[in-house]
Amino acid sequence: MTTAAPSALKAVTILGATGSIGLSTLDVISRHPDRYRVFALTANTRTEELFQLALTFSPRYIVVRDEADALQLQRRLHEVGRETDVLFGAQGLHDVAAHEAVDSVVAAIVGAAGLESTMAAVKAGKQVLLANKEALVMAGHLFMTAVAESGAVLLPVDSEHNAIFQCMPGDYRSGLARVGVRKILLTGSGGPFRTTPLSELASVTPAQAVAHPNWSMGPKISVDSATMMNKGLELIEACWLFDARPEQVQIVVHPQSVIHSMVEYIDGSVLAQLGNPDMRTPIAHALAWPQRIESGVGALDIIARGRLDFQEPDYARFPCLRLATEAMQFGGTGPALLNAANEEAVAAFLAGTIRFTDIPRVIERVLGEISAVEPQLLSDVQTADREARQLAAAIISDNR
Ligand code: NDP
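Residues numbered from 1 in each chain as written. Predicted model: local features only at pLDDT ≥ 70, side-chain atom pairs only at ≥ 80, totals over all residues. Heavy atoms only, no water.

1. A few points about the nonpolar core
Here is step 1 of the chain: Of all hydrophobic cores here, the largest spans 133 residues; its most connected members are Leu41, Phe143, Met168, Phe242, Leu338, Phe356 and Ile363.
Here is step 2 of the chain: Considering every element that reaches this core, the biggest residue donor is helix 6 (residues 133-150), with ten residues. (Core = buried A, V, L, I, M, F, W, Y, C linked by side-chain atoms within 4.5 Å. Buried < 20%, exposed > 50% of the residue type's maximum accessible area, 1.4 Å probe, protein only. Helix = DSSP H or I, 4+ residues; strand = E, 2+ residues; numbered from the N terminus.)

2. Some words on the site of the ligand
Here is step 1 of the chain: Contacts to the ligand come from 24 residues, most closely from Thr18, Asn44, Thr45, Arg46 and Glu134.
Here is step 2 of the chain: Looking at the shell around the ligand, the elements with two or more residues in it are helix 1 (20-30), helix 6 and helix 9 (219-227).
Here is step 3 of the chain: Here the residues of the shell around the ligand sort into twelve nonpolar, eight polar and four charged. (Near = heavy atom within 4 Å. Nonpolar A, V, L, I, M, F, W, Y, C, P; charged D, E, K, R; others polar.)

3. Description of the layout of surface pockets
Here is step 1 of the chain: Computed from the structure, the second largest pocket encloses a volume of approximately 380 Å³.
Here is step 2 of the chain: Lining the second largest pocket are 21 residues, with Leu154, Phe165, Gly170, Tyr172 and Arg173 positioned closest to its centre.
Here is step 3 of the chain: Residue composition of the lining of the second largest pocket, by class: 15 nonpolar, three polar and three charged. (1 Å grid on protein atoms, 1.4 Å probe; cavity = no way out; pocket = protein on both sides within 12 Å on 5 of 7 lines; lining within 4 Å. Points joined across faces, edges and corners; volume = space filled by probe spheres on them.)

4. Topic: the pattern of salt bridges
Here is step 1 of the chain: Under the criterion given, the structure shown has 26 salt bridges.
Here is step 2 of the chain: Measuring nitrogen to oxygen at the nearest pair gives 2.6 Å for the salt bridge that ties Arg307 to Asp309.
Here is step 3 of the chain: The exposed category is assigned to Arg307, whose relative accessible area is 55%.
Here is step 4 of the chain: Look at Asp309 and you get partly exposed, because its relative accessible area is 21%.
Here is step 5 of the chain: Look at the salt bridges and you will find they share partners, linking Lys133, Asp158, Glu160, Lys231 and Glu234 into a network. (Salt bridge = Lys/Arg side-chain N within 4 Å of Asp/Glu carboxyl O.)

5. As for the sheet that holds strand 4 (residues 85-88)
Here is step 1 of the chain: Taken in spatial order, the seven strands make up an open sheet running 4-3-2-1-5-6-7, and their pairing is parallel. The open sheet terminates on both sides in strands that have one partner only, identified here as strand 4 and strand 7 (153-156). Going from strand to strand, the sheet's axes swing by 25° on average, the running direction of each strand aside.
Here is step 2 of the chain: For strand 1 (residues 10-15) and strand 2 (residues 36-42), the ladder comprises five bridges, and the chain directions are parallel. (Pairing = 2+ DSSP bridges. Axes fitted to C-alpha atoms, helices over the stretch in contact; angles between N-to-C directions.)

None of the figures reported here should be taken as evidence of function without further support.
If you want it as structure tokens, here you go:
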């Protein structure tokens with residue numbers, strides 16, 4: 001790889017550029033050509049979409065999964081006179097995440113597949129805009145240790161964690177008790193099945209599960225929202241990001257998705273961040289932090305919204321919430337096992353192989369059959385991930 005000439009513009013790599021978060025990030029960036037330049041964009045298999053993005057944003061590099069696709073894209077880019085170089089595979093992702101010319105890395109690959117490249121950005125001391133919550137869930141302790149050692153600046157993009165970050169005092173890393181924070185109120189809409197009769201949950205379809213009432217997102221996180229595993233993963237994410245204990249994070253169901261989360265202080269103050277449910281707000285916040293930039297999101301019409309409701313989460317309806325809390329309490333590789341089993345179960349549900357209500361059953365069996373260990377290296381986390389996937393796949397196949 002060659003080194004790009006220095007520039008006053010912030011150089012941004014987007015890992016997972018063709019996804020929902022990736023495209024929202026590009027939308028914000030395209031509004032600020034005086035601030036940002038796109039250094040690298042990555043995709044997995046949607047190569048045509050990536051090619052079109054390369055034509056629009058002229059990145060220095062793009063990355064795809066397969067070598068054959070990379071060669072074909074390289075030829076096409078040269079034919080139209082573009083200087084973008086095409087890389088492929090895990091090494092390509094690593095290189096554009098850690099490249100010395102990069103200032104900010106948006107970690108927006110979905111699932112465990114984003115772990116290595118996100119860690120590469122962290123270890124290279126980049127400003128890391130974290131959407132890929134699974135990476136932090138899987139490898140929390142190793143991840144946060146790497147942040148501390150490398151001096152990486154970790155900015156949460158997940159709307160709830162971005163909201164919490166905005167409501168925290170600047171020195172929150174010195175300890176929640178020291179800065180007077182009593183607890184975090186992590187809000188969630190409850191997803192599309194919040195009021196569906198329990199007897200109907202077994203027969204809901206993937207199309208119904210991905211139709212989130214308030215947010216437009218990729219398929220995996222949409223199913224996670226429907227099971228509320230997303231809130232469970234976010235509980236774990238919040239514990240790592242803000243050095244909180246699970247009992248300091250209260251999950252609150254808030255169907256309108258206007259308040260994106262809150263922080264309660266010992267003096268009784270509760271600070272909340274509100275806004276329309278559009279990921280461009282937290283993305284713009286993280287991109288420009290500590291400044292503010294226009295994001296393309298309309299103003300919140302609080303009068304039109306009228307009312308805001310809050311409820312206790314229903315643990316009987318959403319067993320994934322309990323499973324995530326237990327996995328965090330197991331510690332070590334517990335959350336990695338949870339995450340891997342969940343990814344396999346969600347993929348099987350989306351493929352029509354198992355029912356919606358089988359998702360927590362698969363996860364519960366994996367957590368019951370594999371013991372969590374304390375990981376010393378990233379490879380320990382990856383081993384746990386592999387074992388959990390193999391077991392989940394066997395359970396799913398027996399289930400058929
Ligand atoms: P999408 O499914 O929309 O996009 C995923 C991106 O990751 C795509 O660019 C995809 O490439 C790429 N990708 C998928 N698998 C691999 C792989 N094995 N190797 C390399 N790249 C891969 O997901 P979202 O944008 O919805 O979510 C991304 C992350 O952000 C998730 O961790 C999610 O939890 C988190 N998040 C998302 C929110 C949202 O509103 N969407 C909100 C908060 C957090 P390709 O297009 O080629 O398949």
